[in-house]
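# Structural overview
Given next are the chains, with one letter for each unit.
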Amino acid sequence: MFKILSNHIIAPEIRKIEIYAPEIAKRAKAGQFVVIRVDERGERIPLTLVDWNPNKGSITLVFQEVGVTTKKLGRVKKGKYILDVIGPLGNPTEVKNYGTIVGVGGGVGNACLLPVMREFKRAGNYTVSMIGARTSELLILEDELSEVSDELYIATDDGSRGYKGFVTDLLKRFLERRRPDLVYAVGPTIMMKVVSSITKPYGVKTIVSLNPIMVDGTGMCGACRVIVGGKLRFACIDGPEFDGHQVNFDALMNRLRMYKEEEELALSLLEKSIKR
Amino acid sequence: MVSRRSVPVRKLSLDKRLKTFEEVVLGYTESEALEEAKRCLKCKLEPCSKACPLNIDIAKFVEYIKERRFKKALEVILEKNPFPAITGRVCPQEVLCQRDCTLRKLGDPLAIGKLERFLGDYQIENNIMDLKVPEKVKGKVAIVGSGPAGLMGAVELRKLGYEVTIFEALHEAGGVMVYGIPEFRLPRRVLRFYINYVKKLGVNIVLDSVIGKIFTIEELLRDYDAVLLATGAGTPKFLNIPGEELNGVYSANEFLIRINLMKAYKFPYYDTPIKLGKRIAVVGGGNTAMDVSRIALRLGVEEVIVLYRRTEAEMPARREEVENAKEEGVKFMLLTQPIALIGDENGWVRKVKCIKMKLGKPDASGRRRPIPIPGSEFDVEVDNVVIAIGAEVNKLIQRTTPDLKVDRKGHVIVDEYGRTSIERVYAAGDVVTGAATVIEALAAAKKVAHTIHRDLHGGD
């Protein structure tokens, strides 16, 4: 049982939740994730570690309430418990001084970008963050990212904040003028695909943090298999970060769609029961 | 005159079987057990006990059954094996205790497994637990994994006077017995009885703890006198053919975890889904392939076809399980090797491209090697493919424990007593041998528990 220490809406349908998990908090590293299960009938889903506080024994997760599990998690009030938190899972980001790093985030991925950019900054890199969202009110953790970034660029699809257009356009324009040593992308799979295709002709090393469907998250099921460099790899134990130029994003996007109908059915049933 | 034939065991009727996950083999009644026990010839050489990895005194417990002294009979087993209702169900007795049974010269061997199970069920019914442990604590041992090897190590070490903590990665204890073996072969009430027993012995089971991630082996060695690695072989193998990333394709492990652990057969009441069509191909010829096939039928899949590259004679699955699968309607395409999976425009698997095989000379496993027949390619139309060609060891711990010596396949290298290359770290079960049976893991863990005792306290 894991206690919820706080649970806030930080943008429409996006929540930030703090969970008491002292052993995980002690060992968590940037780039890692946890698997959670809310209740007895719950699914196991992976969520990226956004922050952790070893003194307080807490970990912080940010998630969009899009599916049954995230909706359920969003409804667990402060002081209540969820059944399982397993982690820290996955390999940590390889943090070292690369030089100049551009971090590209999209949607909830902006939250996942935060701990990674913080560590890159701490390791002496010059950090440039580019964050995107559909509209200004969905932009999250802007202040926190600004603190760990030497430069911060913002893009919204509707132009309500920063550049009007995709965050990947910002990257394209940046690469026309400057040459970073590393690009790190986390967010929607299509965004990471575009980022990787933009950086490839420039030969800029690109790391993407993948978020496929997982069950156990410990290398047992292979649900999270992705094709990287023509070979099957498990995102949970071989990743979640991979060389973006080697990832078969189309196969990954296809796998992410596998349970679309089931997800919709489960969600509509949950919403009905909530209304009741 | 001894009957040539074993007392047949009752099974759930076919129509009931295919609608539920209820246990298929019903086990002996008291009178059936008595009648079967009478067949034992009490051979002096005891070939049965010799072939049992735990050296259970089989003739002795069978004798007690004959005398209707079931509690005594059970105690004989418990001296060597704390989990008779499990092993009585999942042991491959036909290649162990029953293999050299003298009765085989006449006909059927003594149904030792069924008799063991009878006593195991008697134990559960009467809630018999041997909870004697020494009062004085001799030391602290951490066990990684709560599958057969982990549970056996825990019981043995507890009885030797150690404080034991088991770390389990999943949210339920039992390892392969909870995520892998389906309920119709091993009912969860049986597993729960023994997990409860292990807890009552005073063993602390900590769930949700992935060793190598939350604690390293090095950290465990600071808090414990010894560490026993019993992490099993839980990583699925794939065929490494084109199309395995397609939707509709499952590893056997994923399929089984979704069903057995996450209860996807109750979706949407349970949140985890599984998505099966009308026709499913299961690749492989082991017990896991049979389990997957039989589950699929219970989930309403119309046609289940096992694709296996050799013939039935070479199948690693237990005879009994192949028979059960056939009875239930599983079809077999033998001497058939998938070479590619082909998807539709939506990225869903629709065809398995196969090639016909023939058998050549025996290979390293002693079985005849399958050789592809050129030009014999053909397609099998499917809605799902489950790949059940075996499992490898999970390398999570190995990756964070550089000093731990492993072989090329990641198996932990141990000496004949179960000691690894790191002092005070031991290993037992599938993580050492690669995927094997429950009983072998039990036997190995027991031996290693005694090694730990010897190393820490000279075995006194």
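Residues numbered from 1 in each chain as written. Chains lettered and ligands numbered in written order. Predicted model: local features only at pLDDT ≥ 70, side-chain atom pairs only at ≥ 80, totals over all residues. Heavy atoms only, no water.

### Quick look at the overall build of chain A
Broken down by element type, chain A carries nine helices and 16 strands. Its C-alpha atoms give chain A a radius of gyration of 18 Å, within 12% of the compact-globule value 19 Å for 276 residues. Judged by the C-alpha coordinates and their principal axes, chain A covers about 55 × 40 × 40 Å. Taking all 276 residues of chain A together, 59% fall into the buried category. Of the roughly 11400 Å² of accessible surface on chain A, 48% is carried by carbon and sulfur atoms. Averaging the positions of the 40 positive and the 33 negative side-chain charges in chain A gives two centres separated by 2 Å. (Helix = DSSP H or I, 4+ residues; strand = E, 2+ residues; numbered from the N terminus. Rg over C-alpha atoms; globule rule 2.2 N^0.38 Å. Buried < 20%, exposed > 50% of the residue type's maximum accessible area, 1.4 Å probe, protein only. Areas by Shrake-Rupley, 256 points an atom, 1.4 Å probe, with all protein chains shown as cover. Lys, Arg positive; Asp, Glu negative; His and termini not counted. Charge placed at Lys NZ, Arg CZ, Asp CG, Glu CD.)

### Quick notes on the interface of chain B and chain A
Every contact between the two is made by 42 residues of chain B and, on the other side, 48 residues of chain A. Summed over both sides, the interface between chain B and chain A buries roughly 3900 Å², with carbon and sulfur atoms accounting for 56% of that surface. On the chain B side of the contact with chain A, Lys213(B), Glu245(B) and Asp271(B) bury the most area, a combined 17% of that side's loss. In this structure, the connection of chain B to chain A is made through five salt bridges. Notably, a salt bridge pairs Glu261(A) with Lys275(B), separated by 3.6 Å at the nearest N-O pair. Between chain B and chain A we count 23 residue pairs in polar contact (both at pLDDT 80 or more) in total. Among the elements of the structure, β5 (235–236), β6 (249–251), α12 (252–261) and α15 (396–400) of chain B are those that each provide at least two residues to the side of chain B that touches chain A. The element contributing the most residues to the side of chain B that touches chain A is α12(B), with four residues. Grouping the constituent residues of the side of chain B that touches chain A by class yields 21 nonpolar, 11 polar and 10 charged. (Contact = heavy atoms within 4.5 Å. Buried area = accessible area lost by both parts, 1.4 Å probe. Salt bridge = Lys/Arg side-chain N within 4 Å of Asp/Glu carboxyl O. Polar contact = N/O pair within 3.5 Å; in protein donor to acceptor, adjacent residues only side chain to side chain. Nonpolar A, V, L, I, M, F, W, Y, C, P; charged D, E, K, R; others polar.)

### Thoughts on helix α6 (residues 189–199) of chain A
Count 3.6 residues to each turn of an α-helix, and residues three or four apart come out pointing the same way. If you check which residues of α6(A) are buried, you get Thr189(A), Met191(A), Met192(A), Val195(A), Ser196(A), Ile198(A) and Thr199(A). Those residues of α6(A) that are buried are in contact with β8 (100–106), α5 (167–177), β12 (182–186), β13 (206–209) and α8 (249–256) of chain A.

### Some details on the sheet that holds β6(B)
Residues and elements named next belong to chain B. Spatial ordering of the open sheet is given by β6-β14-β7-β8-β9, a layout of five strands whose pairing is parallel. Edge strands, defined here as strands with exactly one partner in the open sheet, are β6 and β9 (331–333). Going across the sheet, the axis of each strand differs from the next one's by a mean of 25°, ignoring polarity. The pairing of β6 with strand β14 (residues 384–387) spans three bridges and is classified as parallel. Residue pairing in the sheet places Tyr 250 in a bridge with Val 386 of β14. Contacts from helix α13 (residues 287–298) reach β7 (279–283), β8 (303–307), β9 and β14 within the one sheet, and its direction differs from that of β8 by about 170°. (Pairing = 2+ DSSP bridges. Axes fitted to C-alpha atoms, helices over the stretch in contact; angles between N-to-C directions.)

### Re the pairing of strand β15 (residues 231–234) of chain A
As paired strands, strand β14 (residues 225–228) of chain A and β15(A) are joined by four bridges and run antiparallel to one another. Note on β15(A): the bridge partner recorded for Val228(A) is Lys231(A).

### Some words on the domain arrangement of chain A
All names here are of chain A. As far as domains go, chain A holds domain 1 (2–89) and domain 2 (100–256). Distance from the C-alpha centre of domain 1 to the C-alpha centre of domain 2: 21 Å. Contact residues are listed per partner, giving 20 residues for domain 1 and 22 residues for domain 2. When domain 1 packs against domain 2, the two sides together hide about 1700 Å² of surface, and 68% of this comes from carbon and sulfur. At the boundary of domain 1 and domain 2, one finds one salt bridge. Asp 51 serves as the salt-bridge partner of Arg 118, at 3.5 Å between the closest nitrogen and oxygen. Counting the contacts that link domain 1 with domain 2 gives three residue pairs in polar contact (both at pLDDT 80 or more). Sorting the residues of the side of domain 1 that touches domain 2 by element identifies β1 (2–11), β2 (14–20), β3 (33–37), β4 (45–53) and β5 (58–64) as the ones contributing at least two each. A total of six residues in the side of domain 1 that touches domain 2 trace back to one element, the largest contributor, which is β4. Along the lines of polarity and charge, the residues of the side of domain 1 that touches domain 2 split into 14 nonpolar, three polar and three charged. (Domains from an automatic or database assignment.)

### Looking at the domain arrangement of chain B
Residues and elements named next belong to chain B. As far as domains go, chain B holds domain 1 (10–125), domain 2 (139–234 + 393–457) and domain 3 (236–391). With centres defined by C-alpha atoms, the gap from domain 1 to domain 2 works out at 27 Å. Across the boundary between the two partners, domain 1 contributes 23 residues, which contact 23 residues of domain 2. Contact between domain 1 and domain 2 buries roughly 2000 Å² in total, counting both sides, with carbon and sulfur atoms accounting for 78%. On inspection of domain 1 and its partner domain 2, the count reaches zero salt bridges. Summed over the shared surface of domain 1 and domain 2, the result is five residue pairs in polar contact (both at pLDDT 80 or more). Mapped onto the side of domain 1 that touches domain 2, the elements with two or more residues apiece are α6 (84–90) and α7 (112–125). Among the elements that line the side of domain 1 that touches domain 2, the one with the most residues is α6, at six residues. In terms of residue class, the side of domain 1 that touches domain 2 is made up of 14 nonpolar, four polar and five charged.

### Some points on the packing of α12(B) against α13(B)
Residues and elements named next belong to chain B. Two numbers describe how α12 lies on α13: the axes approach to 10 Å, and their chain directions differ by 50°. Accordingly, the angle class assigned to the pair α12 and α13 is oblique. Like other packed secondary-structure pairs, α12 and α13 cross with a definite hand, here left-handed. Every residue of α13 that contacts α12 at Ala 252, Phe 255, Leu 256, Ile 259 and Asn 260 is listed here: Thr 288, Asp 291, Val 292, Ile 295 and Ala 296. Looking at the contact of α12 with α13 residue by residue, the classes come out as seven nonpolar, two polar and one charged. (Parallel < 35°, antiparallel > 145°, perpendicular 65-115°, else oblique. Left-handed = near helix turned anticlockwise from the far one by under 90°.)

### Overview of the side chain of Asn384(B)
Residues and elements named next belong to chain B. Position of Asn 384 relative to the elements: it lies in strand β14. For Asn 384, a relative accessible area of 0% gives the class buried. There is a polar contact of 3.0 Å between the side chain of Asn 384 and the backbone oxygen of Lys 275. With near-sequence residues (within four places) excluded, Asn 384 lies in contact with Gly 248, Tyr 250, Lys 275, Leu 276, Gly 277, Arg 279, Ile 280, Ala 281, Trp 348 and Val 349.

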